[in-house]
Structure formats: structure tokens, C-alpha cells
Amino acid sequence: MKSLDRLVRALRRLPGVGPRQAERFAAYFLRASQGETEEFVNALLTMKQDVKLCSVCFSYSESDLCPVCRDQDRDRGLICVVEDPQDIEAIEKTGAYKGLYHVLHGAISPMEGRGAEQVKVRELLERVQHAETPVREVIIATDPDSEGETTALYLADLLRGLVGQVTRIGYGVPLGGDIDYIDEMTLGYSLKGRTKLS
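Residues numbered from 1 in each chain as written. Predicted model: local features only at pLDDT ≥ 70, side-chain atom pairs only at ≥ 80, totals over all residues. Heavy atoms only, no water.

Chemist: Sorry, what's going on with the packing of helix 1 (residues 2-12) against helix 2 (residues 19-31) here?
Modeler: Helix packing for two helices is described by the angle between their axes and how far apart those axes are. In the contact formed by helix 1 and helix 2, the axes pass within 8 Å of each other and the chain directions differ by 125 degrees. Judged by the inter-axis angle, helix 1 sits oblique to helix 2. Crossing of helix 1 against helix 2: the hand is right-handed. For the pair helix 1 and helix 2, contact is made by Leu4, Leu7, Val8, Leu11 and Arg12 and by Pro19, Ala22, Glu23, Phe25, Ala26, Phe29 and Leu30, respectively. Split into classes, the residues belonging to the contact of helix 1 with helix 2 amount to ten nonpolar, no polar and two charged. (Axes fitted to C-alpha atoms, helices over the stretch in contact; angles between N-to-C directions. Helix = DSSP H or I, 4+ residues; strand = E, 2+ residues; numbered from the N terminus. Parallel < 35°, antiparallel > 145°, perpendicular 65-115°, else oblique. Left-handed = near helix turned anticlockwise from the far one by under 90°. Contact = heavy atoms within 4.5 Å. Nonpolar A, V, L, I, M, F, W, Y, C, P; charged D, E, K, R; others polar.)

Chemist: What is the right way to read the pairing of strand 5 (residues 137-140) from this model?
Modeler: On any regular strand, side chains alternate: one points to one face of the sheet, the next to the other face. A two-sided burial pattern is seen for strand 5, the buried positions comprising Glu137 and Ile139 on one face and Val138 and Ile140 on the other. Bridge count for strand 3 (residues 75-82) against strand 5 is four bridges, and the pairing is parallel. Paired with Cys80 across the strands is Ile139, a residue of strand 5. Where strand 5 lies against strand 6 (residues 165-168), four bridges are found, and the strand directions are parallel. The partner of Ile140 across the bridge, within strand 6, is Arg168. Viewed along the sheet, the connection from strand 5 through helix 7 (residues 146-159) into strand 6 turns out right-handed. (Buried < 20%, exposed > 50% of the residue type's maximum accessible area, 1.4 Å probe, protein only. Pairing = 2+ DSSP bridges. Right-handed = clockwise from strand over helix to strand, strands pointing away.)

Chemist: I tried to follow the nonpolar core on my own but got confused; where do I start?
Modeler: Within soluble globular proteins, side chains that are nonpolar tend to cluster in buried spots. Val81, Leu124, Val128, Val138, Leu155 and Leu159 are the most contacted members of the largest nonpolar core, which has 18 residues in total. Breaking this core down by element, the ones donating at least two residues are strand 3, helix 6 (121-129), strand 5 and helix 7. Excluding residues that lie within four positions of it along the chain, Leu159 makes contacts with Leu124, Leu125, Val128, Val138 and Val166. Counting residues in hydrophobic clusters, the runner-up holds 17 residues, among them Cys54, Ile88, Ile91 and Tyr101. (Core = buried A, V, L, I, M, F, W, Y, C linked by side-chain atoms within 4.5 Å.)

Chemist: Explain unusual backbone geometry to me, please; I cannot follow it from the model alone.
Modeler: What you tend to see is this: most non-glycine residues have negative phi, and most peptide bonds are trans. The backbone of Phe58 shows a phi angle near 70 degrees, a positive value even though the residue is not glycine. In this fold, Phe58 is placed in the loop between strand 1 (52-53) and strand 2 (60-61). The class for Phe58 is buried, based on a relative accessible area of 13%. Backbone geometry at His105 places phi at a positive 65 degrees, although glycine is not the residue there. By the element assignment, His105 lies in the loop between strand 4 (99-103) and helix 6.

Chemist: Help me understand the sheet that holds strand 4 in this model?
Modeler: Through backbone hydrogen bonds, the strands of a sheet pair up, either in parallel or in antiparallel fashion. One open sheet holds the four strands; their spatial order is 4-3-5-6, and the pairing between them is parallel. Taken across any chain shown, the strands that pair with only one partner, and hence form the sheet edges, are strand 4 and strand 6. Within the sheet, the average angular offset between the axes of one strand and its neighbour, ignoring direction, is 25 degrees. Of the strands in this sheet, strand 3, strand 5 and strand 6 touch helix 7, which is tilted by about 170 degrees from strand 6.

Here it is in C-alpha cells:
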């Protein structure tokens, strides 16, 4: 069936969806009522129409400014740089950060042909240089992989002298984890990122 195959192919383009899962989703839509299917399609179309990028931080928003950028209680001297908008949600759930964000929409990856001009690096520099409130710290919270590390080092070099300090999120041993079960790379990073107790 051409129409079913077309839907399966479309669903497989979703992140994390393999062939079997795409087939299950397609089967769900075949069994769903006309109303359920229309609701799903309308939700997708409405989202594509209404959601855009925040004009300041480039997170997703339904207005010119996202809720974080609109919040006057946020610390405007702190900017946390993340790769993707969903990273903001993860950080916000901790309740530990009360500053602003900047979304790069990717990381620098020479292997994939993605340089600084393909992510929102220029916008970050302009934002820092023209900020109404001086930026005293930029926290780089890119992923702890080779692309994230490349991006973090590149940003740290560019931001040196423009802000009070540039920091990198710590990563390493999870709370409640056993050290003998931690991989060498994670343990190595946790040793480098150790904090002073006294």
C-alpha cells in the first residue's frame, strides 16, 4: 500500500524512531478515528504556524520573546549557552539556574561540514556586546561529546575579554553512582571538574 508506506517512511525520519516503531505508529493512525487523526494533523499544522524562534535567545516561542526572556526576575548578567531548545527544559527542571539562555541550534562539527556560521555564534557575540545589563558570566552547557567540546573551546576563546568569566558545566559521577561502574572518560572529566570543599 503506497499511502501506508509513505507514512512509515515519513515517521522513520523522526528522531529515535526505527522501522518497527514507525510501522506501529502507522497502524495506530489506521485504527484511529477520523477525528483523532484530524486532531493530530491540526496540532502539527498549528504548531508549525504559531511557534517561532525567540528574537533574543532563539528558543521556541509563540511570541516575539520566550517566557524566560520576558521574565524580569531572571538574572540578566548570566547567559547559559545550550545546543538545542530542549536542553533549556532539562536545565529548568533542576530549579538551580535563574539566568537567561542562548540556543545555538547545533554544535560546530567540521566532520559534518557545520562551522560557526551555521549555528548562532555571531548572534551570541552581538548579544553579549550590546547587552543592556553587562554579562558577567557565560555558562557553556554544550553536550559532553567531541562536537560539544569543540564548540565550548571555540566560544570560550571568542568570549574571552567580552564577559567577566566563561565557565563550562561540570559533568561526571552521578549522585548515587558507584565509582567502579563509571566509564573512564566520565571519571576523567569528573576529576578535572572537581570542586573545592575547604
